[in-house]
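One letter stands for each residue in the lines below.
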Amino acid sequence: MKQERLPQLDIFRALAILGVLHVHSSSFAAGEQALQSPYYYWINAINIFFKFGTPSFIFLSSFVLFYNYYGRPVTRSLIANFYRRRLMFILLPYLLASIGYYGLTLYVNGQMSWSVGENLLRFLKALFTGNAYAHLYFVFISIQFYVLFPLVLKLLQGSRQLTRWVIPIGLGLQWGFIIWNKYQLHVVEKGSLAISYFAYYMMGAYIAIHFEEIKKWLFTPWRQLPKLLKSLTGLLFSSWLIAAFIHIQLWYEGRHNGVWTNSLWYELLWNVHTMLSALVLLYLTFLIHRKAPRAIVGFLTRLGELSFAIYLIHPLLLAIYRRFRYNISPDSLTYVLFVYGGLVVALGGSWLMVQVAFRRIRPAWIIFGSVPRSLAPSPRGKPVPESLGEDKRSARSSTDEGSKKTLGG
């Protein structure tokens, strides 16, 4: 059964990629350079508040997959088509981006003299751990979820009872791994493993499977909502703001004042803050689509359509932009404006490059993934790769960024 298309989801992608860009543009200032700046509280607040980007993309990716596939029988042809499309529009761009960023990193760090064999081994290790560059871990996580998806889909299709418990199951698996890793495994790059995000994946599955019951909350104007739903929505937003504030404070005390606590508290606050964020963004997405001026809806829709491609290319522009920071004092307001300028350059430059590529270059999908239908060139007789709603995705918390090599620092 073919599901109704949800154009609102492009707005969700736009809000999520804006979260990613905020975190990435502020990561170096918040993590290293501006620790003693008089404006540090706000730099840290931006960096921590917008950490919802990556988890929200994971949630949305799962939601769209289960929304589109849950009502369909799992056949060989369905699985073959599922993996064929992801091979073309996810795995191929990931491979090419990994090669490009890895080569640039070697060049910038003066490591081009390494032997071909050594470079190849290091590259393959980076490729199969999502570490070729700081942001590529997310595509690697997505690939892991795609491998698991047919199995999880089959399990949930076979048990309606199981679908009611998917969120607790996801939380249990995720936190079981977090605690096991802290006290025994000690995997440093745990952020590159899908199990670290399983609660978001299962929450997306739950909402997709029960969407007929949930969409009343999303589509109904506020005045027409039952009192109970109004109360629950108010509770959601207030809990989200409280969790975000505590999360910000926790990191401020550690980064700025050197007062650190047990790492499980950071995991917990991040988990609560970002899971609530995904639900808040979902509600805001439908509200914006219903109430915002058409110009804003159009802007956010196009941004959402391009989000995966922007995600792939923006770190390159951000790295180049940061080459110009060294004469600006972190104690000045100009530095804060410079930090935010990185977001503007990364967003605007990436958007322009990607949009021109999609309009002018037919094979652009090889590098940037699926082409939005509104931008696809269409010479007669040749089909254009279809835009895949479930393949719009995007970026990482600053906690994980510190352990990655970048071009710009």
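Note: the structure precedes this text.
Predicted model only: the values in this text are computed from it and were never measured.

Novice: Run through the packing of aromatic side chains, naming residues and quoting values.
Specialist: Each aromatic ring pair is specified by the distance between its two centres and by the angle formed by the two planes. Overall, the coordinates contain 39 aromatic pairs when judged by the stated rule. Between Phe 219 and Phe 286, the ring centres sit 5.1 Å apart and the planes meet at 70 degrees, which makes this aromatic pair edge-to-face. Of this pair, Phe 219 sits in helix α10 (residues 211-219) while Phe 286 sits in helix α12 (residues 263-291), and the two are 67 residues apart along the sequence. Aromatic side chains Phe 299 and Trp 351 sit 5.1 Å apart centroid to centroid with 40 degrees between the ring planes, which places their arrangement in the tilted category.

Novice: Any chance you could break down a nonpolar patch on the surface for me, citing the residues and the numbers?
Specialist: Together, Leu 95, Leu 96, Ile 99 and Ile 367 give the surface a local cluster of nonpolar side chains, amounting to about 310 Å² of exposed area. Relative to the elements of secondary structure, Ile 99 occurs in helix α4 (residues 76-108). Ile 99 sits in the partly exposed class, given a relative accessible area of 45%.

Novice: Could you give an account of the packing of α4 against helix α5 (residues 116-127), with specific residues and numbers?
Specialist: Packed helices, taken two at a time, are described by the angle between their axes plus the distance between the axes. Two numbers describe how α4 lies on α5: the axes approach to 11 Å, and their chain directions differ by 130 degrees. With respect to α5, the axis of α4 lies oblique. α4 and α5 meet at a crossing whose hand is right-handed. From α4, Tyr 94, Leu 95, Ser 98, Ile 99, Tyr 102 and Leu 106 reach across to α5, where they touch Asn 119, Arg 122, Phe 123, Ala 126 and Leu 127. Tallied by class, residues from the contact of α4 with α5 come to 8 nonpolar, 2 polar and 1 charged.

Novice: An account of the pattern of salt bridges is requested, with residue identities and associated values reported.
Specialist: Applying the stated rule across the entire model yields 6 salt bridges. The partner of Arg 122 in a salt bridge is Glu 118, and the shortest N-O contact between them spans 3.4 Å. With Arg 122 and Glu 118 both in helix α5 and 4 residues apart, the pair spans about one turn of that helix. A residue is classified by how much of its surface remains accessible, and Arg 122, at 40% relative accessible area, is partly exposed. In this structure, the salt-bridge partner of Arg 302 is Glu 305, at a minimum N-O distance of 3.0 Å. Here Arg 302 and its partner Glu 305 are both found in helix α13 (residues 294-305), 3 residues apart, which amounts to about one turn of the helix. Under the relative-accessibility criterion, Arg 302 is labelled buried at 17%.

Cut-offs and rules
Sequence order sets the numbering: in each chain, residues are counted from 1 along the sequence as written. Predicted model: local features are reported for residues with pLDDT of at least 70 only, side-chain atom pairs are reported and counted for 80 or more only, and whole-chain, interface and lining totals are derived from all residues. Just so you know, side-chain values use all the structure's heavy atoms and leave hydrogens and water out. To pair, rings of Phe, Tyr and Trp, with the six-membered ring standing in for Trp, must have centres within 6.5 Å; the planes then decide the type, stacked if under 30 degrees apart, edge-to-face if over 60, and tilted in the middle. For helices the rule is a DSSP run of H or I covering at least 4 residues; for strands it is a run of E covering at least 2, with both sets numbered from the N terminus onward. Each patch is built from residues lacking any salt bridge and having more than 30% relative accessible area; the joining distance is 9 Å for like charges and 5 Å for nonpolar side chains (Val, Leu, Ile, Met, Phe, Trp, Tyr). Throughout, the Shrake-Rupley method with a 1.4 Å probe supplies accessible areas, and for residues the shown protein chains are the sole cover considered. Salt bridges, as used here, are contacts in which a Lys or Arg side-chain nitrogen is within 4 Å of a carboxyl oxygen on Asp or Glu. Under the scheme applied here, a residue whose accessible area is under 20% of the maximum for its type counts as buried, over 50% as exposed, and between as partly exposed, the area being computed with a 1.4 Å probe on protein chains only. Axis definition: a line fit to C-alpha positions, over the contact stretch in the case of helices; interaxial angles, taken between N-to-C directions, run 0 to 180 degrees. An angle below 35 degrees is read as roughly parallel, one above 145 as roughly antiparallel, one from 65 to 115 as roughly perpendicular, and any other as oblique. By definition, turning the near helix anticlockwise from the far helix through less than a right angle yields a left-handed crossing, and turning it clockwise yields a right-handed one. Any two residues whose heavy atoms approach within 4.5 Å at even a single point are treated as in contact. Polarity classes work like this: nonpolar for Ala, Val, Leu, Ile, Met, Phe, Trp, Tyr, Cys and Pro, charged for Asp, Glu, Lys and Arg, and polar for all others, with Gly in that last group.

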